[in-house]
Amino acid sequence: MTETVLVTGVGGPAGVSVVNALLRAGVRTIAVDCDASAAGLTLGDVSGIVPMAGDPKFVDTLCDLAVSLGADAVVSTVAEELVALGTRAEDLAGNGIAVWVPSQKAVEQCSDKAVFATILAEAGIATPATGFAASDVSGPWIVKPRFGRGSRDVYPCDSADEVAWALRRVVDPLVQTRLSGLEFTVDALVDRDGRFAGGVPRWRLETRGGISTKGETFADDRVLIGAAAVLEAVGLCGVACVQGFVTDADEVVFVECNPRFSGGLPLSLAAGADLVGEYVRGIRGLPIRSSRLGYRPGVRMSRLFCEVFEG
């Protein structure tokens, strides 16, 4: 049977990037989303529609679609799908469909920002002071949802009154000391044995809706070593994107970890790291080759999906 990969979430930049990477590699690709108008549906060799991750029929529909269209592996680019897929991994395998997702515990520890901050602090990894009121941490502050992703409902605050105002506007909020410096993301891959196989650090020079739209790859061993420590602390395997800052005081501080491909993935791929290809190897139970995850520092991206060029 021809190797065929089904990719979910093709309405988002990560899903589009994964589909494009697989097509460039000559892999037959099925583009899938819960929105029939998703732009990425036109990119795959074939396409399909599934319910949202919270729908009880999500996995069954995806399985039926994969079987009917000949897929032997699934790449999910939507964090909300991971627990459902992991719970039904054996059922999917029984139908000849391979998936590789993190444990439910690891996903939950990444999704809950308060728990994530506690885990990092207990592991001795630098992370912003975190609490639930201005009095819990030193200012300046940032108020954000305890759960969720992207930049929705995130408020920088310079006074306790501003914090109180923001807390009334965010569902299930938390408060952190606000960092200043250069923000980065590490697109990373951890093998099935929990070994950090490789990663690409890139500066987030411009973001829109929480997605990096302008960036540049860079080399800093402290960032890669720290990202590996973060992933080990939360017990995450597979693909991940780890976010943090190199502060004005030149300290590396980590703020978030997502168990999925990032929206800025095109830059890491353009820099030479075959994150998609090696992840698909991992899905199929093959060893991940760290030699394929090397990258070139100084590769820049402007306006997502275009103008990727060497510095």
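A short tour of the structure in this document, coming up.

**What to know about the overall build of the chain**
Thinking step 1. Check the secondary structure of the chain and you find 10 helices and 15 strands.
Thinking step 2. Taking 2.2 N^0.38 as the reference for a compact globule, 311 residues should give roughly 19 Å; the C-alpha atoms of the chain span a radius of gyration of 19 Å, in line with that estimate.
Thinking step 3. The principal-axis extents of the C-alpha atoms in the chain amount to approximately 60 × 45 × 35 Å.
Thinking step 4. Expressed as a percentage of the 311 residues in the chain, the buried residues total 51%.

**Regarding the side chain of Asp33**
Thinking step 1. Note that Asp33 resides in strand 2 (residues 28–33).
Thinking step 2. Within the structure, Asp33 has its side chain in polar contact with the backbone nitrogen of Val10 (distance 3.1 Å).
Thinking step 3. Polar contacts involving the side chain of Asp33 include one to the main-chain amide nitrogen of Gly11, which spans 2.8 Å.
Thinking step 4. Dropping the residues within four chain positions of it, Asp33 is found in contact with Gly9, Val10, Gly11, Ala38, Leu41, Gly48, Ile49 and Val50.

**Some thoughts on the sheet that holds strand 6 (residues 141–145)**
Thinking step 1. With antiparallel pairing, 4 strands are arranged side by side in an open sheet as 5-8-6-7. Edge positions in the open sheet fall to strand 5 (130–131) and strand 7 (155–157), since each of these has one partner strand only.
Thinking step 2. Here strand 6 pairs with strand 7 via 3 bridges, running antiparallel. Counterpart to Val143 in the pairing with strand 7 is Tyr155.
Thinking step 3. Across the sheet, helix 7 (residues 160–167) touches strand 6, strand 7 and strand 8 (173–177), and the angle it forms with strand 7 is around 160 degrees.

**Describing the environment of Asn95**
Thinking step 1. Positionally, Asn95 belongs in the loop between helix 4 (89–94) and helix 5 (104–111).
Thinking step 2. In the structure, Asn95 is positioned 29 residues away from Ala66 in sequence and 9.1 Å away in space, judged by C-alpha atoms.
Thinking step 3. Not counting residues up to four positions away in its chain, the partners in contact with Asn95 are Cys63 and Val67.

**Some thoughts on the pattern of salt bridges**
Thinking step 1. According to the stated counting rule, one finds 15 salt bridges in the structure shown.
Thinking step 2. The partner of Asp91 in a salt bridge is Arg88, and the shortest N-O contact between them spans 2.6 Å.
Thinking step 3. Residue Asp91 is classed as partly exposed on the basis of its relative accessible area of 39%.

**Re the packing of aromatic side chains**
Thinking step 1. Summed over the entire model, instances satisfying the criterion amount to 6 aromatic pairs.
Thinking step 2. An angle of 10 degrees between the planes, with centres 3.7 Å apart, marks the rings of Trp203 and Phe218 as stacked. Within this pair, whereas Trp203 is found in strand 10 (residues 196–208), its partner Phe218 is found in the loop between strand 11 (211–217) and helix 8 (221–234), the two being separated by 15 residues in sequence. Neither residue differs from the other here; Trp203 and Phe218 are each classed as buried.
Thinking step 3. Ring-pair connections join several aromatic residues into one group, and the members of that group are Phe184, Trp203, Phe218 and Phe254.

**Some thoughts on the sheet that holds strand 3 (residues 46–49)**
Thinking step 1. Spatial ordering of the open sheet is given by 3-2-1-4, a layout of 4 strands whose pairing is parallel. The open sheet has two edge strands with one neighbour each: strand 3 and strand 4 (73–75). Going from strand to strand, the sheet's axes swing by 25 degrees on average, the running direction of each strand aside.
Thinking step 2. Along the sheet face, helix 1 (residues 13–24) touches strand 1 (4–7), strand 2 and strand 4 and points at about 170 degrees away from the line of strand 1.

Calculation notes
- Residues numbered from 1 in each chain as written.
- Predicted model: local features only at pLDDT ≥ 70, side-chain atom pairs only at ≥ 80, totals over all residues.
- Heavy atoms only, no water.
- Helix = DSSP H or I, 4+ residues; strand = E, 2+ residues; numbered from the N terminus.
- Rg over C-alpha atoms; globule rule 2.2 N^0.38 Å.
- Buried < 20%, exposed > 50% of the residue type's maximum accessible area, 1.4 Å probe, protein only.
- Polar contact = N/O pair within 3.5 Å; in protein donor to acceptor, adjacent residues only side chain to side chain.
- Contact = heavy atoms within 4.5 Å.
- Pairing = 2+ DSSP bridges.
- Axes fitted to C-alpha atoms, helices over the stretch in contact; angles between N-to-C directions.
- Salt bridge = Lys/Arg side-chain N within 4 Å of Asp/Glu carboxyl O.
- Phe/Tyr/Trp six-rings, centres within 6.5 Å; stacked < 30°, edge-to-face > 60°.

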